[in-house]
Amino acid sequence: MASLSLKHIYKKYPGGVTAVSDFCLEIADKEFIIFVGPSGCGKSTTLRMIAGLEEITEGELYIGDKLMNDIAPKDRDIAMVFQNYALYPHMTVYENMAFGLKLRKVPKETIKRRVEEAAKILGIESLLDRKPKAMSGGQKQRVALGRAIVREPKVFLLDEPLSNLDAKLRAAMRTEITKIHQTVGTTFIYVTHDQVEAMTMATRIVVMKDGFIQQVDSPQNLYDKPVNTFVAGFIGTPQMNFIMSKLEKKGDDAYITFGDYSIKLPAEKAKDPNLESYFGQEVIAGIRPELIHDEPIYLSSMPDNVIEANVDVTELMGAEIYLYLSIDGTETYNVESNKGESIKNDVIAKVSSRSQARAGDRIQIAIDSSRIHLFDKDTQKYIIH
């Protein structure tokens, strides 16, 4: 078992390209850490530096209390599971799982015991005599995991292991990997671009962008308390709505104003000292789709927060409906381009499947301001949650 310490890690390539910058992270023994972010953010490069497959340009990597910078991959006591499974096609499942142990001259009896134990954990006992070509993607992924488990490493590294599977199988394998982590009791470091995988599996999530860590926190805290607009927009499905607003004070009350409408903030938010310097200024309001309601009970219980919107598109998702709304005079904020843009269909509401709203309707909606987020227009950092 092992903890990891990454201290001011950099990865620089020839030509002045810096893939990872000042990466600092302490990973506790038996944690399930997930690196998440868009393509090219440096998450896989960081994982490969931990594995020893990429050289660390600057900084120090410790596994336990041992400096690993110059230790060969085979001596780091880690096991890696790749996106493409990397199984030997001419070997059976048993031979694939046993191969690494044979290279290490592990006794045959020990190999047999470890392979059978891993096969039992993964539910692939009946596949041990098969070859990879006779197996499904999910079965191959289990074999790749089994090959890592039999090594009994200090650290498991998983690089987008589910990205080749269909949606239903991915959901099932998420549960399987979580169970394996609980059973094996080893440190897991997992890379994905899928925030659903990150939210459902991790004890802590590392959100990355452009080679920098944006936030490290539990899944719930990332959702409830994002440090900036990037994290807020990346975590959550559909993503958070960002509306360019003006923060105003009327007596003891605080309002955010956009277009022709004002939304009253709860008293406890209005008194937050972080708001003081922003009154009269433009801010970015972050509103989760599930905080926008069209049911009569919400319209009557939130009279200060009711506005009108045009329904442009509806998407039935089964248990809920996504409404794509345009609100007169409203300017939305585009996280990718870091600027406000007037875009139709840019405010999304996640409402009950009982909703009667249809494309072309003009409807009333109520915005629950108790969990509204406000961000600084210039720095994109949070003001209040």
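Residues numbered from 1 in each chain as written. Predicted model: local features only at pLDDT ≥ 70, side-chain atom pairs only at ≥ 80, totals over all residues. Heavy atoms only, no water.

Colleague: It is not clear to me how the confidence of the model for the protein chain should be interpreted in this structure. Could you clarify?
Modeller: Note: predicted coordinates in regions of low pLDDT should not be interpreted at a detailed level. Predicted confidence across the protein chain gives a mean pLDDT of 90, with 97% of residues reaching 70 or more. Considering only residues more than four positions removed or in separate chains, one finds that residues 340-345, a stretch of pLDDT under 50, has 18 contacts. (pLDDT = per-residue confidence, 0-100. Contact = heavy atoms within 4.5 Å.)

Colleague: Before we go on, may I ask you to explain the packing of helix H2 (residues 93-103) against helix H3 (residues 108-122) in this structure?
Modeller: Angle between the axes and distance between the axes are the two parameters that describe a pair of packed helices. Their axes nearest at 10 Å, the elements H2 and H3 cross at an angle of 135°. If you check the angle between H2 and H3, you find them oblique. Like other packed secondary-structure pairs, H2 and H3 cross with a definite hand, here right-handed. Residues Tyr94, Met97, Ala98, Leu101 and Lys102 of H2 touch H3, and the partners they reach there are Ile111, Lys112, Arg114, Val115, Ala118 and Ala119. A per-class count over the contact of H2 with H3 returns 8 nonpolar, no polar and 3 charged. (Axes fitted to C-alpha atoms, helices over the stretch in contact; angles between N-to-C directions. Helix = DSSP H or I, 4+ residues; strand = E, 2+ residues; numbered from the N terminus. Parallel < 35°, antiparallel > 145°, perpendicular 65-115°, else oblique. Left-handed = near helix turned anticlockwise from the far one by under 90°. Nonpolar A, V, L, I, M, F, W, Y, C, P; charged D, E, K, R; others polar.)

Colleague: How should the packing of aromatic side chains be read in this particular structure?
Modeller: Aromatic ring pairs are defined here through the distance separating the ring centres and the angle between the ring planes. Enumeration over the complete set of coordinates arrives at 7 aromatic pairs. Note on Phe230 and Phe234: the rings are 5.7 Å apart at their centroids and 25° apart in plane angle, and the pair reads as stacked. In this pair, Phe230 and Phe234 both sit in helix H8 (residues 229-234), 4 residues apart, roughly one turn of the helix. Both residues of the pair, Phe230 and Phe234, belong to the buried class. The structure contains a cluster of three or more aromatic residues connected by ring pairs, namely Phe32, Phe156, Phe188 and Tyr190. (Phe/Tyr/Trp six-rings, centres within 6.5 Å; stacked < 30°, edge-to-face > 60°. Buried < 20%, exposed > 50% of the residue type's maximum accessible area, 1.4 Å probe, protein only.)

Colleague: Help me out: how do you make sense of the packing of H2 against helix H4 (residues 137-149) in this one?
Modeller: The N-to-C vectors of H2 and H4 enclose an angle of 30°; their axes lie 8 Å apart at closest approach. By the angle between their directions, the pair H2 and H4 is classed as roughly parallel. For the pair H2 and H4, the sense of crossing is right-handed. Listed contacts from H4 to Val93, Asn96 and Met97 of H2 are Val143, Gly146 and Arg147. Taken together, the residues of the contact of H2 with H4 sort by class into 3 nonpolar, 2 polar and 1 charged.

Colleague: Can you help me understand the nonpolar core in this one?
Modeller: Soluble, globular proteins show a tendency: their nonpolar side chains are buried together. Judged by nonpolar contacts, the single largest core of 47 residues is most densely connected at Ile34, Val93, Met97, Ile124, Leu145, Ile177 and Tyr190. Tyr190 has contacts with Phe32, Ile33, Ile34, Phe35, Leu158, Pro161, Leu162, Ile177, Glu197 and Met201, leaving out every residue within four places of it along the chain. (Core = buried A, V, L, I, M, F, W, Y, C linked by side-chain atoms within 4.5 Å.)

Colleague: Please explain the sheet that holds strand S4 (residues 58-63) as it appears in this structure.
Modeller: Backbone-to-backbone hydrogen bonds pair the strands of a sheet. The strands run either parallel or antiparallel. With antiparallel pairing, 4 strands are arranged side by side in an open sheet as S2-S1-S4-S5. At either margin of the open sheet sits one strand with a lone partner, and together these are strand S2 (17-27) and strand S5 (66-67). As judged from the 5 bridges shared by strand S1 (residues 4-13) and S4, these two strands associate in the antiparallel manner. Looking across to S4, one finds that Lys7 is bridged to Glu60. Along the sheet face, helix H1 (residues 43-51) touches S1, S2 and S4 and points at about 115° away from the line of S1. (Pairing = 2+ DSSP bridges.)

Colleague: Any chance you could explain the environment of His193 here in plain terms?
Modeller: Mapped onto the elements, His193 comes out in the loop between strand S8 (187-192) and helix H6 (195-201). Residue classification places His193 among the partly exposed positions, given a relative accessible area of 38%. Each C-alpha atom, one on His193 and one on Val115, is 31 Å from the other, the two residues being 78 residues apart in sequence. Setting aside chain neighbours within four positions, we find His193 in contact with Val36, Gly37, Lys43, Glu160 and Phe234. Side-chain polar atoms of His193 contact the side chain of Glu160, separated by 2.8 Å. (Polar contact = N/O pair within 3.5 Å; in protein donor to acceptor, adjacent residues only side chain to side chain.)

Colleague: Is there a simple way to think about the state of the cysteines in this case?
Modeller: In a disulfide, the sulfur atoms of two cysteines are covalently bonded to one another. Counted by the stated rule, this structure contains 0 disulfides. Free cysteine Cys24: the closest other cysteine sulfur is in Cys41, separated by 16 Å. Accessibility expressed as a relative area gives 32% for Cys24, which makes it partly exposed. (Disulfide = S-S within 2.5 Å.)

Colleague: How should the pairing of S2 be read in this particular structure?
Modeller: Across 7 bridges, the pairing between S1 and S2 is antiparallel. Bridging from a neighbouring strand, Lys11 pairs with Val20 of S2. Two successive antiparallel strands, S1 and S2, enclose a turn made up of 3 residues, where Gly15 displays a positive phi of approximately 95°.

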